[in-house]
Amino acid sequence: MCIRDRQSTWGNSAICKFPVVEITNYELTTRPVSERPQVLLIGGIHGDEPVGSNVITYLAEFLLDNYQTNPFIKHLVDTRLIILAPLANPFGYAFNTREEQGIDPNRDFPYNQEERECLKSNAGRFLVSLYKSRLVQTAVTYHGGLNSISYAWGAFNHRVSSSEIEYSPDDKAFSEIAQYLGRSAGSNRDIGMKPYHVGMLNTIVYAVNGGLEDWAYAASWENALTSGEKPVVHCKPVTPRGLPENYSEVDNEAVRSLIYLVEADEDKKPPESRLGESSSLFGEGIYGHI
């Protein structure tokens, strides 16, 4: 998804495309596509963690292959708009690096971040644009390096001390859904696939500013409920191409999703033996990440 800029070398610059796939039944008229719940799945925001990109790619294949024969899959596709962004950081993926030209995309969002230090990456700008052009209710962003399912809050402004944290207004919903996701994902000791730890980002993973997860959850509402310094900022990065004015501004509806960060495996590139087989969802084959 990246080609070399004719004016540069591979190591310095590249022109990258960000693939987006939308899956639903566009011919079904009982409920317009614009009124269906929107689910967003994001992979590869860190380019050296390809497990998420693989999961999402195989998911697209799985949904399409089984749509005609499996009533549950047909129901999912008919009643939802499933948005797949398997390669959120194509530059990092192409060069097997976490960052995009020295910028960590998951520290680049307009949340508890300096206005000149956010949306410097194309990956960050792509995901902000994706959110602003849709109405995502639920999202999952896939990573690798741990075994966990985590959710807001994740930034330092909601970590009072090393032993005291603030819970989000939707913590109960976040927690119950995450627990269900963990149980559904299960484990398989035979192939070294461990159970998922479940909890808040700034407790079971680590706290970061500028993370996608807090921004995607709270960008449309938290400033209005916050006295003092506002956590959601308007980015004014100093970059060669700059940023259009008001690019990071959002309305009070578009960006308020329940979003989960799934660390799919302790290995960023888990071996093929732990990926499993799609047929395992029907009680056959090897049960793994895919």
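Please read these numbers as outputs of a predicted model, since none were measured by experiment.

Participant: Help me understand the overall build of the protein chain, please; the structure alone is not making it clear to me.
Facilitator: In terms of helices and strands, the protein chain carries seven helices and nine strands. Counting across all 290 residues of the protein chain, residues that qualify as buried make up 49%. Long-range pairs, those at least 24 residues apart, make up 77% of the contacts in the protein chain with a sequence separation of at least 6. Carbon and sulfur atoms make up 50% of the accessible area of the protein chain, which totals about 14,700 Å².

Participant: Sorry if this is basic, but what is going on with the confidence of the model for the protein chain here?
Facilitator: Close inspection of predicted coordinates is inappropriate for parts of the model with low pLDDT. In the predicted model, the protein chain carries a mean pLDDT of 87, and the fraction of residues at 70 or more is 90%. In this model, residues 5-12 is a region of pLDDT below 50 whose contacts with residues beyond four sequence positions or in other chains number 10 contacts.

Participant: Can you walk me through the state of the cysteines in this structure?
Facilitator: Structurally, a disulfide amounts to a covalent bond that connects the sulfur atoms of two cysteines. All chains considered together, the criterion is met by one disulfide. One disulfide in the model links Cys-118 with Cys-235; its S-S distance is 2.1 Å. Here the S-S torsion is close to -125°, and the disulfide linking Cys-118 with Cys-235 is therefore left-handed. Of the two residues, Cys-118 sits in the loop between helix H3 (90-95) and helix H4 (122-132) while Cys-235 sits in the loop between helix H7 (212-218) and strand S9 (258-263), which places them 117 residues apart along the sequence. Taken as a pair, Cys-118 and Cys-235 share a single burial class, namely buried.

Participant: So what exactly am I meant to see when it comes to the environment of Glu-99 here?
Facilitator: By the element assignment, Glu-99 lies in the loop between H3 and H4. Taking the C-alpha atoms as reference points, Glu-99 and His-46, separated by 53 residues in sequence, lie 6.2 Å from one another. Each residue touching Glu-99, except ones within four places of it in the same chain, is listed here: Asn-89, Phe-91, Gly-92, Asp-104 and Pro-105.

Participant: Is there a simple way to think about the pattern of salt bridges in this case?
Facilitator: Two side chains with opposite charge may pair up if their charged atoms get near one another. Under the counting rule described, the total for this entry stands at eight salt bridges. The salt bridge partner of Glu-22 is Arg-134, with a shortest N-O separation of 2.8 Å. Here Arg-134 lies in the loop between H4 and strand S6 (136-143) and Glu-22 lies in strand S3 (residues 21-23), a separation of 112 residues in the sequence. The exposure class assigned to Arg-134 is partly exposed, which follows from its relative accessible area of 23%. We note a salt bridge from Glu-49 to Arg-98, for which the minimum N-O separation is 3.7 Å.

How each quantity is defined
- Residue positions within a chain follow its written sequence, with the count starting from 1.
- Where totals are concerned, whole chains, interfaces and linings use all residues; where local detail is concerned, this predicted model gives features only for residues with pLDDT of at least 70, and gives and counts side-chain atom pairs only at 80 or more.
- Here the side-chain values reflect all heavy atoms present in the structure, with hydrogen atoms and water set aside.
- Secondary structure is summarised from DSSP: a helix means a run of H or I of at least four residues, a strand means a run of E of at least two, and numbering begins at the N terminus for each.
- Exposed residues in this analysis have more than 50% of their type's maximum accessible area, buried residues have under 20%, and partly exposed residues fall in between, with area computed by a 1.4 Å probe over protein chains only.
- Here, residues are in contact when the closest pair of their heavy atoms is within 4.5 Å.
- Shrake-Rupley sampling with a 1.4 Å probe provides the accessible areas, and residues are treated as covered by the protein chains on show and by no other component.
- A residue's pLDDT is simply how confident the predictor is in it, with values from 0 to 100.
- Throughout, a disulfide means two cysteine sulfur atoms within 2.5 Å of one another.
- Criterion for a salt bridge: a side-chain nitrogen of Lys or Arg within 4 Å of a carboxyl oxygen of Asp or Glu.

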